[in-house]
Amino acid sequence: MSHELEHLELLAEIDALVRELQAWKERRPDWPPARDTADLVRRLLERTAPLRIRIEAPLVVATLRGTGVGKSTLVNALAGAEVSPAGRMRPTTLLPMFICRPDLGPEDFSIDPAAVRVVRHDLPHLRDVVLLDCPDPDTTEDAGDATSNLSRLRSLLPHCDVLLVVTTQQKYRSARVSAELAAAASGARLVFVQTHADADADVRDDWRRVLGEDFHLGEMFFVDSAAALSDAAEHRAPRGEFGRLLEYLGRELAGSAAARIRRANFLDLADETLRVCRSRIAAGSAAFEPLEAAVNEQRTKLGGALVERVCGELHTNRRLWESRLVDAVTSRWGFSPFSCLLRGYQALGSLISGYGLSRVRTTAQLALWGVFEGSRRWRAFRTRREAETASERAAMQAWSESDLRTAAIIVDGYAADAGLDRSSARFDAVCGQAAAAVQEFVDRAGTDLQRSVEKLSQRRVGWFTRLRYETLFILVVGALVYRFLKNFLYDSWLVAELGRGPVQPLYGLEFFLGAGVCLAAWSLVLLWSFTTRLQRGLGGEIEAFRTRHAGPAAAARLFLPLDAAIRDLRRWADDLSRLEQRSARLRTRLAGNESTLGHRRG
């Protein structure tokens, strides 16, 4: 791949990263850490416009150093002439100096011309750069004062592409300089220079140990700025370490290096910004876990009360559910002797009503039958409806106003700690959520109970049970029929015809009354045994229902907006992590072709 094509491809990928960052910023949720991180990304994106405008413009090389390190002498040596006042004068009395070619100005680099003192001068050894002589960071002035040197320094650093970090044997451990370096290094390449080589000891090895953990240092230089300036004044070629420094800067900052350095600086700044955003979001998200635990605790507590109330109502109305279960059994069994007995047990009222209708002779009797039948059907409907709505009534009464108010107060406190919208934790909102939760639970419980009835009708009254009850019922019915037929056909008729013995008289009313009482008693015994078996199974299903719905699921709709808000925030944070990974991949790819300039470690 040609250099130009690679350059265009990297620009396209950076543009894509910028668009995704812009879209991510615009999807910002209403959450304090999200607002803070979105502001950071906005300031990062503001750096992209100058990046594209200045992608091939000369690099801005700035000095960063403490007071008294010979910075003016070094700047003059780099410029090849005395362009910066040196000696006892301190930068606290001067504007920062912007040293550039005659055809350039600070406005070409988005720098306010009023904020610097412009010196136009050809740089014989550094034709592809402009020099910015920044104020000292270790001043004692108030950083909040817009006219202070520290404020000027911080306003200029975002415009700098390369920082010459200048120090001496006495200043290289300055905490103030190190702090400003750490803040500025994410958006700039670094060159480390120790001055006063004519008088001080070489501390570069120790300097490496001081900074090596946080910075990739590249090459470091130990120069005599005064001697270098004297050589420039006498038109001698640069010598020693200063000559090596000029050769190094000319090699690393020339030609297409500007585009590469600015891309690398932007990706470094993006990486640092996204890392700070992630840490802020993680710090804010730490309050989500206590909130989720509190919501889960309240759901478990209220859901448990709801399930217990419904299960209690189911136990109280087991007769109603038994009736539904018998209907399910008879529909599965079809028509058989014992199933007909069950149908008769269920439809006794219909039989009485039918008999009444058969005896109707007048309009008044028909009206009376209509009243009776309507009342009976209404009672049957009400019984079925009670079975279906008993759990709903119990659910509606499971939570008191005090329970809901207590839950709302607890969750509202945790939502406030997490910085989330608290409107869904207000008492009136919680009441609405409670009604929805009850309705959802009732719907789910009704479906679950219907499945339980169907399952119980399959498991508790299978073919073996059916065979047993059918056999026991048929044996009694058969025995009574056999007695009647034997008396009617054999003892009283065939015996007389064949003359084989004394003729037995036909059974009278006493036999049929006794047979009816015997059949009714036996039927009641079988019905009692059968329904008791169903009730035992129904009790087990109610306990299984309690187990299935135990925990917070029964009240899952309570505080649902908080769940949704947390899910959205975590999804937004995951999107940030993906952007951070993409930025890191671009940064790693660019690092493969990067120079030996220093930079902050990722």
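Residues numbered from 1 in each chain as written. Predicted model: local features only at pLDDT ≥ 70, side-chain atom pairs only at ≥ 80, totals over all residues. Heavy atoms only, no water.

1. A few points about a nonpolar patch on the surface
Right, on to step 1. A grouping of V481, F484, L485, F488, L489, Y490, W493, L494, L506, L509, F512 and L513 is seen on the molecular surface, where their side chains present a nonpolar patch of about 1100 Å² in accessible area.
Right, on to step 2. Of all elements in the fold, only helix 18 (463–498) and helix 19 (509–548) reach the threshold of two or more residues within the nonpolar patch.
Right, on to step 3. Among the elements that line the nonpolar patch, the one with the most residues is helix 18, at 8 residues.
Right, on to step 4. Of note, L489 is situated in helix 18.
Right, on to step 5. For L489, a relative accessible area of 40% gives the class partly exposed. (Patch = residues over 30% accessible without salt bridge, like charges linked within 9 Å, V, L, I, M, F, W, Y side chains within 5 Å. Areas by Shrake-Rupley, 256 points an atom, 1.4 Å probe, with all protein chains shown as cover. Salt bridge = Lys/Arg side-chain N within 4 Å of Asp/Glu carboxyl O. Helix = DSSP H or I, 4+ residues; strand = E, 2+ residues; numbered from the N terminus. Buried < 20%, exposed > 50% of the residue type's maximum accessible area, 1.4 Å probe, protein only.)

2. So, the pattern of salt bridges
Right, on to step 1. Going through the model one piece at a time under the given rule, you end up with 33 salt bridges.
Right, on to step 2. A salt bridge links D103 to R101, with the nearest nitrogen and oxygen atoms 3.2 Å apart.
Right, on to step 3. With a relative accessible area of 54%, D103 lands in the exposed category.
Right, on to step 4. By relative accessible area, which is 24% here, R101 ends up partly exposed.
Right, on to step 5. Among the salt bridges present, the one from R239 reaches D231, with a minimum N-O distance of 2.9 Å.
Right, on to step 6. Sharing partners across several salt bridges, the network here consists of D202, R204, E219, E241, R244, E247, R251 and E252.

3. Quick word on the sheet that holds strand 2 (residues 97–100)
Right, on to step 1. An order of 3-2-4-1-5-6-8 is seen for the 7 strands of this open sheet, with the pairing classed as mixed. The outermost strands of the open sheet, each flanked by one partner alone, are strand 3 (117–120) and strand 8 (220–222). Going from strand to strand, the sheet's axes swing by 25° on average, the running direction of each strand aside.
Right, on to step 2. Inspection of the sheet shows strand 1 (residues 59–65) paired to strand 5 (residues 162–167) by 5 bridges, in the parallel sense. Each bridged residue has a counterpart across the sheet, and for R65 the counterpart in strand 5 is V166.
Right, on to step 3. Where helix 4 (residues 71–79) meets the sheet, it contacts strand 1, strand 2, strand 4 (129–133), strand 5 and strand 6 (189–194), and its direction lies at approximately 165° from that of strand 4. (Pairing = 2+ DSSP bridges. Axes fitted to C-alpha atoms, helices over the stretch in contact; angles between N-to-C directions. Contact = heavy atoms within 4.5 Å.)

4. A few points about the nonpolar core
Right, on to step 1. L291, F338, W399 and L420 are the most contacted members of the largest nonpolar core, which totals 79 residues.
Right, on to step 2. When residues in this core are grouped by element, the largest group, 10 residues, is from helix 17 (residues 427–459).
Right, on to step 3. If near-sequence neighbours (up to four positions away) are discounted, L291 is found in contact with V411, Y414, A415, A418, L420, L562 and I566.
Right, on to step 4. By size, the runner-up hydrophobic cluster in this structure holds 34 residues, among which are V83, M97, V119 and L245. (Core = buried A, V, L, I, M, F, W, Y, C linked by side-chain atoms within 4.5 Å.)

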